[in-house]
Amino acid sequence: MNSLRKILSLIVITLFLSTAFAFGKEEVPAAGKPEKLDVKELILEHLADSYTWHITKIGETDIAIPLPVIVYSKTTGWHVFMSSAFHEKGEYEGLIIAAEGKYKGKIVEKDAKGNEVKPFDISITKVVFSLLFNSTLLIFIILMVARSYKKDTFESKKGFVGFMELFIMNINDDVIKPCIGKDYRKFSPYLLTVFFFIFLNNLIGIIPIFPGGANVTGNIAITFTLAICTFLIVNIFGTKEYWREIFWPDVPVWLKVPLPLMPAIELVGVFTKPFALMIRLFANMLAGHSIILGLTCLVFVTVSLGPAMNASMTVVSVLFTVFINLVEVLVAYIQAYVFVLLSAVFIGLARVEPHHAHKVKE
Amino acid sequence: MSLLLPDSGLLFWMFLSFGIVAFILAKFGFPVIIKMVEDRKAFIDESLLSAQKAYDDLAKVKDESLLILDNARKEHVKILNEASQSKEMLIKDAKEKASLEAAKLIEDARKQILMEKDDAIRDIRRQVAELSVDIAEKVLRGQLEKKTEQMDMINRLLDEINVSKS
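## Considerations on the overall build of chain A
Okay, so step 1: Scanning chain A from terminus to terminus reveals 11 helices and nine strands.
Okay, so step 2: In chain A, which comprises 362 residues, the proportion classed as buried is 42%.
Okay, so step 3: The contacts of chain A with a sequence gap of at least 6 include a subset with a gap of at least 24, amounting to 62%.
Okay, so step 4: Surface exposure of chain A reaches about 20,100 Å², of which carbon and sulfur atoms provide 70%.

## Brief notes about the overall build of chain B
Okay, so step 1: The secondary structure content of chain B amounts to two helices and zero strands.
Okay, so step 2: Compactness check: chain B gives a C-alpha radius of gyration of 65 Å against a globular reference of 15 Å for 166 residues, more than 25% above the reference.
Okay, so step 3: Taking the principal axes of the C-alpha coordinates as reference, chain B spans close to 205 × 25 × 25 Å.
Okay, so step 4: Residues counted as buried form 13% of the 166 residues belonging to chain B.
Okay, so step 5: Carbon together with sulfur atoms contributes 64% to the accessible area of chain B, which is approximately 13,800 Å² in total.
Okay, so step 6: In chain B, 27 side chains carry a positive charge and 30 a negative one; their mean positions are 1 Å apart.

## Points about the confidence of the model for chain A
Okay, so step 1: Looking at chain A as a whole, its pLDDT mean stands at 81, while 87% of the residues score no less than 70.
Okay, so step 2: Across residues 18-34 of chain A, confidence stays below pLDDT 50; counting only partners more than four residues off in sequence or on other chains, it has 17 contacts.

## Remarks on the interface of chain A and chain B
Okay, so step 1: Listed by partner, the interface residues are 55 residues for chain A and 33 residues for chain B.
Okay, so step 2: In this assembly, chain A packs against chain B so that about 3,800 Å² is buried in total across both faces, 83% of it on carbon and sulfur atoms.
Okay, so step 3: Contact with chain B buries surface across chain A, with Tyr149, Phe154 and Thr193 of chain A losing the most and accounting together for 16% of the total.
Okay, so step 4: At the boundary of chain A with chain B, the tally comes to two salt bridges.
Okay, so step 5: Close ionic contact of Arg185 of chain A with Glu38 of chain B constitutes a salt bridge, the shortest N to O distance being 2.5 Å.

## Quick look at the state of the cysteines
All names here are of chain A.
Okay, so step 1: Taken as a whole, this structure holds zero disulfides over all chains when the rule is applied.
Okay, so step 2: Cys229 supplies the cysteine sulfur nearest to Cys179, a cysteine that is in no disulfide, at a spacing of 19 Å.
Okay, so step 3: Given a relative accessible area of 22%, Cys179 falls into the partly exposed group.

## Points about the domain arrangement of chain A
Okay, so step 1: For chain A, the domain assignment lists domain 1 (62-121) and domain 2 (126-361).
Okay, so step 2: The straight-line distance from the C-alpha centre of domain 1 of chain A to that of domain 2 of chain A is 33 Å.

## Focus on the sheet that holds strand β4 (residues 77-82) of chain A
Residues and elements named next belong to chain A.
Okay, so step 1: In space, the three strands of this open sheet follow the order β4-β3-β9, with antiparallel pairing throughout. Strands at the two margins of the open sheet, each flanked by one partner only, are β4 and β9 (120-121).
Okay, so step 2: Where strand β3 (residues 68-73) meets β4, six bridges bridge the pair, whose relative direction is antiparallel. Note on β4: the bridge partner recorded for Ser73 is Gly77.

## Points about the pairing of β3 of chain A
Residues and elements named next belong to chain A.
Okay, so step 1: Counting the residues that bridge the hairpin from β3 to β4 gives three residues.
Okay, so step 2: Where β3 meets β9, two bridges bridge the pair, whose relative direction is antiparallel. Bridging across to β9, Val71 finds its partner in Asp121.

## Notes on the nonpolar core
Okay, so step 1: Judged by nonpolar contacts, the single largest core of 78 residues is most densely connected at Leu191, Phe196, Phe197, Ile222 and Leu226 of chain A together with Phe18 of chain B.
Okay, so step 2: Secondary-structure elements contributing two or more residues to this core are α4 (126-151), α5 (159-180), α6 (188-206), α7 (220-236), α8 (240-247), α9 (261-301) and α10 (307-350) of chain A together with α1 (8-143) of chain B.
Okay, so step 3: The greatest single-element share of this core, amounting to 15 residues, is contributed by α1 of chain B.
Okay, so step 4: Excluding residues within four positions of it along the chain, Phe196 of chain A makes contact with Leu138, Met164, Phe167 and Ile168 of chain A together with Phe30 of chain B.

## Looking at the packing of α4 of chain A against α1 of chain B
Working note: a packed helix pair is described by the angle between its axes plus the distance between those axes.
Okay, so step 1: It is the contact of α4 of chain A with α1 of chain B, at a shortest axis distance of 9 Å, that shows an interaxial angle of 15°. Relative to α1 of chain B, α4 of chain A is oriented roughly parallel. Viewed along their axes, α4 of chain A and α1 of chain B form a crossing whose handedness is left-handed.
Okay, so step 2: When its residues are assigned to classes, the contact of α4 of chain A with α1 of chain B shows 23 nonpolar, three polar and two charged.

## Things to note about the packing of aromatic side chains
All names here are of chain A.
Okay, so step 1: Taken as a whole and assessed by the stated rule, the structure comprises 21 aromatic pairs over all chains.
Okay, so step 2: Where Phe167 meets Phe196, the ring centres are 5.2 Å apart and the plane angle is 75°; that geometry is what we call edge-to-face. Of the two residues, Phe167 sits in helix α5 while Phe196 sits in helix α6, which places them 29 residues apart along the sequence. As far as the burial class goes, Phe167 and Phe196 line up, both buried.
Okay, so step 3: A cation over an aromatic ring shows up here: Lys256 above the ring of Trp248, its NZ or CZ 4.1 Å from the ring centre.

## Things to note about the pattern of salt bridges
Okay, so step 1: Tallied over the entire structure, the rule returns 13 salt bridges over all chains.
Okay, so step 2: In this structure, Glu130 of chain B engages Arg126 of chain B in a salt bridge whose closest nitrogen and oxygen atoms are separated by 3.9 Å. Of this pair, Glu130 of chain B and Arg126 of chain B both sit in helix α1, four residues apart, which is roughly one turn of the helix.
Okay, so step 3: Look at the salt bridges and you will find they share partners, linking Glu241, Arg244 and Asp250 of chain A into a network.

What counts, and at which threshold
Residues numbered from 1 in each chain as written. Chains lettered and ligands numbered in written order. Predicted model: local features only at pLDDT ≥ 70, side-chain atom pairs only at ≥ 80, totals over all residues. Heavy atoms only, no water. Helix = DSSP H or I, 4+ residues; strand = E, 2+ residues; numbered from the N terminus. Buried < 20%, exposed > 50% of the residue type's maximum accessible area, 1.4 Å probe, protein only. Contact = heavy atoms within 4.5 Å. Areas by Shrake-Rupley, 256 points an atom, 1.4 Å probe, with all protein chains shown as cover. Rg over C-alpha atoms; globule rule 2.2 N^0.38 Å. Lys, Arg positive; Asp, Glu negative; His and termini not counted. Charge placed at Lys NZ, Arg CZ, Asp CG, Glu CD. pLDDT = per-residue confidence, 0-100. Buried area = accessible area lost by both parts, 1.4 Å probe. Salt bridge = Lys/Arg side-chain N within 4 Å of Asp/Glu carboxyl O. Disulfide = S-S within 2.5 Å. Domains from an automatic or database assignment. Pairing = 2+ DSSP bridges. Core = buried A, V, L, I, M, F, W, Y, C linked by side-chain atoms within 4.5 Å. Axes fitted to C-alpha atoms, helices over the stretch in contact; angles between N-to-C directions. Parallel < 35°, antiparallel > 145°, perpendicular 65-115°, else oblique. Left-handed = near helix turned anticlockwise from the far one by under 90°. Nonpolar A, V, L, I, M, F, W, Y, C, P; charged D, E, K, R; others polar. Phe/Tyr/Trp six-rings, centres within 6.5 Å; stacked < 30°, edge-to-face > 60°. Lys NZ or Arg CZ within 6 Å of the ring centre and 35° of its normal.

Encoded structure:
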């Protein structure tokens, strides 16, 4: 009861402060020239990767954390420097960040003809930094849990380790085991890694301040890699029966020869499965980030509608943002869960044994 | 649209970091945890089984001890009964023996008394005889103080003998 009251008062204070903030904000365009807020651009900018970690803007100065740029150009070789070098002149060692065009927002260099050429770019961008940070954090957490098991045997764990044990064993016993079947042990370390990798990245992505907030799992390169790994595991460990079912499924012969209709469909299925994994995670996390950003922008968009409207919309915005943030925490878990569940199902399907009915037919 | 195209630099870092994470965690992280948890589960199951077994054993031992106790109690009662029986028998025997002995003693005493009595009577008789002989002697001495009398006496006695001879 007491804690409920605390939460309520917290929400009220937040609403009040945000309203006051909105009023304060309202006066700025009134004094200066009103500028149009491009919400779409703002959201896309937040969702996309960048070379600096922009935190906030106080007055006219940007507060941002510079990140290292690592670029290999065919003509000028390796370039390693901090991205803050761009601030001075906009270009550094002949490299610029493209303002528009095909490589918008990426580092490019001009070739002899003046065309923009993209060098080999392995800079530690915002997403890469977040990725490395989260990976280190994950390794640290799991190894810490694993180490506490080496110390004393057979003692039931308490606190965080106990929670992680519950979490890990829940995924292991209730998702991986029933989906893969008897030789699940071979695959469970990989699938657990994927689960906690996605889950941690999702969660850290929701936190709006520095080490968090990057749109890691909402970036297609990340989900692409994860999907490729699952794709490789599914097809490398696929049984003979799995391949037979693809190229010679149990359907009427006219569906297979002369026109290999079913094999074609099955073959497409092999690729659509990881593709679905990739798109599902990517789109969900991207959408989540977009909604939160969009709802937050509601405060700034409604400034032009007058203080009353702005204040009321701020209340709505904060309420919705809180709600969507809570939903996102749920989504962070669900998406990690679904990715692992489907990966496990695909692996399980690829591990089929020839069933009895086939033997009779053959 | 750039959102849908995987960036090559990001792919590189993702492959690298995910590869390292997967390698480390799949080798030193999750298998250790899963193995320990499963070992612990096996240990608990085993412990439960052995506890159940110990419990059963204990129940068996309890039953056995109860049986032993029961037997001991029966034995106890039996021994007590036997003891009381033998006690009674002993007492009876002793009583019988005592009464026999007493009877024998009484008999002996009576015999002794009878013997004593006979002796006493015999003694009295002898004394009476001696006394009467003494008296007779005195009487005779008195009568036979004179020679004639003595001769008379001798004659008479001789006569008597003769009479008896004839």
